[in-house]
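So you can see what is in the structure, the chains are spelled out below.
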Amino acid sequence: MADFVGAVDQGTTSSRFMIFDHDGNEVAKHQLEHTQILPRPGWVEHDPVEIWERTNVAIQNAVRAARIAASDLAAIGITNQRETTVVWDPRTGQPYCNAIVWQDTRTDTIASALDRDERGELIRRRAGLPPATYFSGGKLRWILENVDGVRAAAERGHALFGTTDSWVLWNLTGGPNGGIHATDVTNASRTMLMDLETLDWDDELLEIFGVPRAMLPRIHSSADPEAFGQARTSRPLRTPVPITAVLGDQQAATVGQVCFTPGEAKNTYGTGNFLLLNTGTEPVRSRHGLITTVCYRFGEGPAVYALEGSIAVTGSAVQWLRDQMRTIRDAAESETLARTVQDSGGIYFVPAFSGLFAPYWRSDARGAIVGLARYHTNGHLARATLESICYQSRDVVEAMAQDSGVRLDVLKVDGGVTANDLCMQTQADVLGVPVSRPVVAETTALGAAYAAGLAAGFWRDTDELREHWHESKRWEPRWSEERRAEGYAGWKKAVRRTLDWVEV
Ligand SMILES: Nc1ncnc2c1ncn2[C@@H]1O[C@H](COP(=O)(O)OP(=O)(O)O)[C@@H](O)[C@H]1O
Ligand SMILES: O=P(O)(O)OC[C@H](O)CO
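All residue numbers refer to positions counted from 1 along the written sequence of the respective chain. Ligands are numbered from 1 and chains lettered from A, in the order in which they are written. Only residues with pLDDT of at least 70 are given local features in this predicted model, and only at 80 or more are side-chain atom pairs given and counted; all residues enter the totals for whole chains, interfaces and linings. The basis for every side-chain value is the complete set of non-hydrogen atoms in the structure, without hydrogens or water.

Caption draft 1: Layout of the overall build of the chain. Secondary structure is summarised from DSSP: a helix means a run of H or I of at least four residues, a strand means a run of E of at least two, and numbering begins at the N terminus for each. In terms of helices and strands, the chain carries 16 helices and 23 strands. For the chain, whose C-alpha radius of gyration is 21 Å, the value lies close to the compact-globule estimate of 23 Å for 504 residues. With respect to the three principal axes, the spread of C-alpha positions in the chain is 60 × 50 × 45 Å. Three labels apply to residues, based on accessible area from a 1.4 Å probe with only protein chains included: buried if under 20% of the type maximum, exposed if over 50%, partly exposed otherwise in between. Counting the 504 residues in the chain, one finds 64% classified as buried. Pairs of residues are marked as contacts when any of their non-hydrogen atoms sit within 4.5 Å. Taking the contacts inside the chain whose residues are at least 6 apart along the sequence as the reference set, 72% of them involve residues at least 24 apart. Per-residue and other accessible areas follow the Shrake-Rupley method at a 1.4 Å probe size, with only the shown protein chains counted as cover for residues. Accessible area of the chain: about 18,800 Å², with a carbon and sulfur share of 46%. Two residue types count as positive, namely Lys and Arg, and two as negative, namely Asp and Glu; His and chain ends fall outside the count. Positions of charges follow a simple convention, taking NZ of Lys, CZ of Arg, CG of Asp or CD of Glu. Between the centroid of the 51 positive side chains of the chain and the centroid of its 64 negative side chains there is a distance of 4 Å. To get the radius of gyration, use the C-alpha atoms; to get the globule rule, take the number of residues to the power 0.38 and multiply by 2.2 Å.

Caption draft 2: Expanded view of the nonpolar core. Buried Ala, Val, Leu, Ile, Met, Phe, Trp, Tyr and Cys residues form a nonpolar core when they are joined through side-chain atoms within 4.5 Å. In this structure, Val211 and Met215 are the most contacted members of the largest nonpolar core, which totals 133 residues. With 11 residues, helix α12 (residues 378-404) is the largest single contributor of residues to this core. In this structure Val211 touches Leu140, Leu144, Leu193, Leu206 and Leu216, once residues within four positions along its chain are discounted. Grouped together as the second largest cluster of nonpolar side chains are 32 residues, Val8, Leu73, Val86 and Trp170 included.

Caption draft 3: Quick look at the site of ligand 1. Surveying the vicinity of ligand 1 reveals 17 residues, the closest of which are Arg16, Thr271, Gly315, Gly416 and Asn420. Two N or O atoms count as a polar contact when they lie within 3.5 Å, although within protein this holds only if one can serve as hydrogen donor and the other as acceptor, and sequence-adjacent residues are included solely when both atoms are side-chain atoms. Within the backbone of Gly315, one N or O atom sits 3.0 Å away from an oxygen atom of ligand 1. Between ligand 1 and Gly416 there is a distance of 2.9 Å, counted from an oxygen atom to a backbone nitrogen or oxygen. Protein chains shield 84% of the accessible area of ligand 1, which is 580 Å² for the free molecule. Distances are taken per atom, and a residue is near a molecule or strand as soon as one of its heavy atoms is within 4 Å of it.

Caption draft 4: Representation of the packing of aromatic side chains in the model. Stacked, tilted and edge-to-face are the three classes applied to pairs of Phe, Tyr and Trp rings, where Trp contributes its six-membered ring and a pair requires centres within 6.5 Å; stacked means planes under 30 degrees apart, edge-to-face means over 60, and tilted covers the rest. Per the stated rule, a full pass over the model turns up 22 aromatic pairs. A ring pair is formed by Trp88 and Trp170, whose centres lie 5.5 Å apart and whose planes are at 55 degrees; its orientation type is tilted. Of this pair, Trp88 sits in strand β6 (residues 86-88) while Trp170 sits in helix α6 (residues 164-172), and the two are 82 residues apart along the sequence. By relative accessible area, which is 0% here, Trp88 ends up buried. Taking the relative accessible area as the measure of exposure, Trp170 reaches 3% and is therefore buried. Pairing Tyr391 with Trp491 gives two aromatic rings, centres 5.6 Å apart and planes at 15 degrees, and the pair type is stacked. Separated by 100 residues along the polypeptide, Tyr391 in helix α12 and Trp491 in helix α16 (residues 481-498) bring together distant segments of the chain. Taking relative accessible area as the criterion, Trp491 reaches 1% and is therefore assigned buried. Taken together, the ring pairs connect Trp102, Tyr134, Phe135, Phe274, Phe357 and Trp361 into an aromatic cluster. Here Arg40 stacks its cationic end above the ring of Trp43, 4.2 Å away from the centre of that ring. Two limits define a charge over a ring: the Lys NZ or Arg CZ must be within 6 Å of the ring centre, and within 35 degrees of the ring normal.

Caption draft 5: Looking closely at helix α9 (residues 249-256). Along α9, eight of the eight residues are buried, which leaves the element largely enclosed by surrounding structure. When α9 is considered as a whole, its buried residues turn out to be Asp249, Gln250, Gln251, Ala252, Ala253, Thr254, Val255 and Gly256. Taken from the residues just after α9, Val258 is the one with a positive phi, measuring 50 degrees.

Caption draft 6: Just the layout of surface pockets, in detail. Both site types are read off a 1 Å grid over the protein atoms alone. A 1.4 Å probe that fits but cannot get out defines a cavity, while an open set with protein on both sides within 12 Å along at least five of seven lines defines a pocket; lining residues have an atom within 4 Å of a point. Grid points are joined across faces, edges and corners, and a volume is the space filled by probe spheres set on the points. Space inside the largest pocket adds up to approximately 960 Å³. Around the largest pocket sit 45 residues that line it, and Tyr269, Gly270, Gly415, Gly416 and Val417 are the ones nearest its centre. Broken down by secondary-structure element, the contributors of at least two residues to the lining of the largest pocket are β2 (14-20), β3 (26-33), α9, β15 (265-269), α10 (315-323), α11 (333-338), β22 (435-438) and α14 (443-455). In terms of residue count, the dominant contributor to the lining of the largest pocket is α10 (five residues). Of the residues assigned to the lining of the largest pocket, the class counts are 12 nonpolar, 22 polar and 11 charged. Its boundaries defined by the atoms lining it, the second largest pocket holds a volume of some 680 Å³. Considering the residues around the second largest pocket, the lining is formed by 27 residues, among which Leu38, Val44, Trp320, Gln324 and Phe353 are closest to the centre. If you tally residues by element for the lining of the second largest pocket, the top one is α10, at five residues. Residues are grouped as follows: Ala, Val, Leu, Ile, Met, Phe, Trp, Tyr, Cys and Pro are nonpolar; Asp, Glu, Lys and Arg are charged; every other residue, Gly included, is polar. Each residue belonging to the lining of the second largest pocket can be placed in one class, and the counts come to 10 nonpolar, 12 polar and five charged.

Caption draft 7: Spotlight on the sheet that holds strand β14 (residues 241-248). Ordered by their spatial adjacency, six strands build an open sheet running β3-β2-β1-β5-β14-β13, and the pairing between neighbours is mixed. Looking at strand neighbours, the two that pair on one side only are β3 and β13 (230-231), the edges of this open sheet. Examined bridge by bridge, β13 and β14 share two bridges and lie antiparallel to one another. Bridged to Gln230 within β14 is Pro242. Where helices are involved, their axes are fitted lines through C-alpha atoms of the stretch in contact, as for all axes, and angles between N-to-C directions lie from 0 to 180°. Together, β1 (4-10), β5 (73-80), β13 and β14 form the strand contacts of α6, whose direction differs from that of β5 by roughly 145 degrees. A pair of strands is considered paired only if DSSP assigns at least 2 bridges between the two.

Caption draft 8: Local environment of the sheet that holds strand β18 (residues 304-311). On the basis of which strands lie adjacent, the open sheet formed by seven strands has the order β17-β18-β16-β15-β21-β22-β23 and mixed pairing. Only two strands of the sheet have a single neighbouring strand rather than two, namely β17 (291-296) and β23 (471-475). Strand-to-strand twist in this sheet, taken as the mean axis angle between neighbours without regard to direction, amounts to 30 degrees. Relative to strand β21 (residues 411-414), β15 runs parallel, the two sharing three bridges. Directly across from Asn267, in β21, lies its bridge partner Val413.

Caption draft 9: Just the UniProt feature "binding site: glycerol" (unreviewed entry) in the chain, in detail. Those residues carrying the UniProt feature "binding site: glycerol" (unreviewed entry) are Arg82, Glu83, Tyr134, Asp249 and Gln250 in this numbering. As for the largest pocket, its lining draws on Arg82, Glu83, Tyr134, Asp249 and Gln250 from among the annotated residues. Following the sequence through the fold, Arg82 ends up in the loop between β5 and β6. What Arg82 contacts, discounting residues up to four positions off in sequence, is Trp102, Tyr134, Asn187, Arg190, Gly248, Asp249, Gln250, Gln251, Phe274 and Glu308. Aside from chain neighbours lying at most four places away, what touches Asp249 is Thr79, Asn80, Gln81, Arg82 and Thr444. UniProt positions are given in the numbering used here, feature names are shortened, and annotations may be inferred rather than shown by experiment.

Caption draft 10: Representation of the site of ligand 2 in the model. Taken together, the residues surrounding ligand 2 are Gly11, Thr12, Gln81, Arg82, Glu83, Trp102, Tyr134, Asp249, Gln250, Thr271, Gly272 and Phe274. A distance of 3.2 Å is found between an oxygen atom of ligand 2 and a side-chain nitrogen or oxygen belonging to Thr271. The fraction of the free accessible surface of ligand 2 (310 Å²) that becomes covered by protein chains is 93%. Any molecule with more than half of its atoms within 2 Å of a cavity's or pocket's grid points is regarded as sitting in that cavity or pocket. Comparing atom positions with the cavity grids shows ligand 2 to sit within the largest pocket.

Printed below as a string of structure tokens:
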């Protein structure tokens with residue numbers, strides 16, 4: 001009997017492979033960043049070949065670090081940055097162009113045109129999503145219209161579309177030699193091309209985006225013992241290992257945080273922030289700027305849905321301080337620098353680099369730092385950056401309470417930014433609610449492993465998984481009600497200053 005489960009986590013910043021034991025403990029991990037290609041303002045691309053190569057190396061190195069054989073892995077799950085769009089030639093395995101990343105805003109005119117007529121309403125109703133640059137449909141249409149030869153190739157079956165789960169799965173299962181072209185309901189629910197209720201590609205939506213059906217992957221449950229084939233191209237995996245789960249990274253984190261009951265929620269702090277609330281087996285429509293998404297579907301069970309508050313720029317604002325402003329050398333230094341001052345000195349940084357996502361959905365917004373005086377330092381900017389992460393999260397927590405009536409008594413958190421103690425303390429202060437981080441903070445990979453292990457019979461059921469969740473740290477709110485209200489009012493004012501900045 002194999003003792004471990006593996007998970008590929010193909011994220012926006014990096015790709016990693018993690019190995020977990022039966023108690024859900026991390027046994028080994030290897031992680032490699034890939035290049036963020038920023039050719040023009042608003043454009044964000046990744047090289048799919050670089051992503052695949054690094055994922056492959058991460059698998060090999062993690063297996064080596066764990067000192068196990070492929071036959072010790074009961075199954076592998078794949079989780080991924082969602083929406084990021086890859087189109088490739090199945091005959092050669094070569095992409096037709098760089099992947100267009102979820103944060104990319106080049107499709108703002110496509111999105112705003114759709115939003116102006118009845119097509120916008122159809123997309124909202126059927127896909128549960130507002131027409132926005134964020135989702136894959138517009139990105140795919142852009143590639144079909146702008147990259148030479150792709151439309152004709154797609155019509156002849158020589159161009160395949162996938163989010164990065166499909167791209168990694170296809171390569172991992174053999175690439176041009178019989179690679180499996182598939183995705184799952186959670187990833188498909190981010191494309192604007194799937195009907196949330198039938199869980200299948202929708203002809204009217206395909207028509208709106210001009211997408212030939214032949215290029216689309218097959219949609220399966222998130223956990224399925226048969227559908228995703230076997231991983232067999234990676235050297236340490238000479239023995240094929242069954243791939244039994246595929247799900248988007250935010251849904252995977254929801255599973256990793258064992259939010260299996262309606263009303264349970266988690267907030268992941270990575271490149272962006274994503275708050276997901278499990279709403280049960282019926283899709284709930286938001287009236288306050290959240291999106292409706294598939295949370296997971298295990299095997300033949302019913303689909304479970306979530307309300308999601310997606311925030312485009314949180315951890316990537318810290319990366320911006322590091323890479324573009326060069327005020328810090330690494331992400332952790334954002335905390336040391338912010339601690340050189342008592343507070344933000346009244347400035348606010350609204351990092352609307354990709355417009356604003358939930359709950360505003362304003363592609364005409366752009367970033368701003370407001371309230372500056374000569375007095376302000378890099379320390380204030382670092383603090384305002386961390387506060388922006390917390391205020392954006394409060395925006396979606398408020399929207400969630402209005403939509404669902406759920407008032408969180410604790411916020412479960414995970415992701416790279418939760419290593420920042422000051423940021424998490426500020427989050428508790430800004431929300432007035434305790435913030436709690438589990439022992440295994442890599443909940444995304446853990447959730448993919450859980451889904452894969454459930455499908456492979458490695459774990460019995462979700463109750464067994466619940467027993468693995470343990471708190472490692474909790475932050476209690478310290479601000480007075482007055483300070484909290486004042487701070488939030490200032491944030492709302494700053495957000496208003498960023499709107500209507502670019503013409504779309
Ligand atoms: N100590 C820290 N303080 C603030 N931000 C951090 C810290 N450590 C990592 N980050 C941010 O976390 C993000 C990476 O988190 P991760 O969960 O790995 O993201 P992703 O899954 O999006 O690739 C980066 O944007 C980085 O700037
Ligand atoms: O790669 P992450 O963790 O930033 O997640 C990205 C999201 O899936 C985008 O929707």
